Amino acid sequence: MKLPFHIIELLKQKSGVPLHIPSECELLSLDIQSKTGVRIGSTTLKRLLGFAQDERLPHASTLDAIARYLGYAHWEELSEVDDKGNSDFNSSDEEIRSVDLHPDSKVEITYLPDRRLLFSYLGNNRYKVLQSENSKLQAGDEVEIHHFVLHHPLLVMQVWRDKATLGSFTAGRVSGLSSIYILY
């Protein structure tokens, strides 16, 4: 189970930890323990923050500890808090959605350790790789991407190279995308 986006944002604000990379979960774990007396392991936090793909439900005591850390009596009370920003037609500075782009828009991304890709948007969630530095994707590849999210892995639904289908591709699995820019 991944926590809702607005609760993750509350955790970031309360802890002062940006939670952009999995290793920061240990800092959050220590802060929760120091303020509530309850230890939530960093592995559990990685699952709850979406760094690890695992649909197991956490213990009720874990969710209650998170709620208390955020100033609520228990998880049910926190769950009832209205998320004013959960549904929105506006995109944030941390996400680029393909549906919001015009054909020929250029998108540049970087990810660790020293990867850089420049894409040209073709329309219908398809891009052509214009430049590739230290990536397995190559200039000339065509890819299907629905969105780019800062600090999250890049999920490429399909890669085509020289008219051959190579399958899906994931970039920045560990720490996500370091930067995303639209270059018009």
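Our subject is the structure listed above.
Cut-offs applied
- Residues numbered from 1 in each chain as written.
- Predicted model: local features only at pLDDT ≥ 70, side-chain atom pairs only at ≥ 80, totals over all residues.
- Heavy atoms only, no water.
- Buried < 20%, exposed > 50% of the residue type's maximum accessible area, 1.4 Å probe, protein only.
- Helix = DSSP H or I, 4+ residues; strand = E, 2+ residues; numbered from the N terminus.
- Contact = heavy atoms within 4.5 Å.
- Pairing = 2+ DSSP bridges.
- Axes fitted to C-alpha atoms, helices over the stretch in contact; angles between N-to-C directions.

Colleague: How would you summarise helix H1 (residues 5-15) if you had to cite specific residues and measurements?
Modeller: Within H1, the full set of buried residues consists of His-6, Ile-7, Ile-8, Leu-11, Lys-12 and Ser-15. The elements touched by buried residues of H1 are helix H2 (24-36), helix H3 (42-49), helix H4 (60-69) and helix H5 (75-79). Following H1 by one or two positions, Gly-16 adopts a phi angle in the positive range, close to 75°.

Colleague: Which residues make up the pairing of strand S4 (residues 126-133), and what values go with them?
Modeller: In terms of strand pairing, strand S3 (residues 115-123) meets S4 through 7 bridges, oriented antiparallel. Paired with Gly-123 across the bridge in S4 is Arg-126. Hairpin geometry of S3 and S4 is characterised by an intervening segment of 2 residues between the two adjacent antiparallel strands and by a positive phi of about 50° at Asn-124.

Colleague: Would you mind going over the pairing of strand S2 (residues 106-111) in detail, with residue names and values included?
Modeller: One ladder, built from 6 bridges, connects S2 with S3; its direction is antiparallel. Directly across from Lys-106, in S3, lies its bridge partner Ser-120. Between S2 and S3, which pair antiparallel one after the other, the connecting turn spans 3 residues. Inspection of the sheet shows S2 paired to strand S9 (residues 177-183) by 6 bridges, in the antiparallel sense.

Colleague: Explain the sheet that holds S2 to me, using residue names and the numbers behind them.
Modeller: Paired through their backbone hydrogen bonds, the strands of a sheet run either parallel or antiparallel. Pairing within the open sheet is antiparallel, and its 7 strands lie in the order S8-S7-S5-S4-S3-S2-S9. Every other strand in the sheet has two partners, leaving strand S8 (164-171) and S9 as the edge strands with one partner each. Each neighbouring strand pair of the sheet contributes to a mean axis angle of 30°, computed without reference to strand direction.

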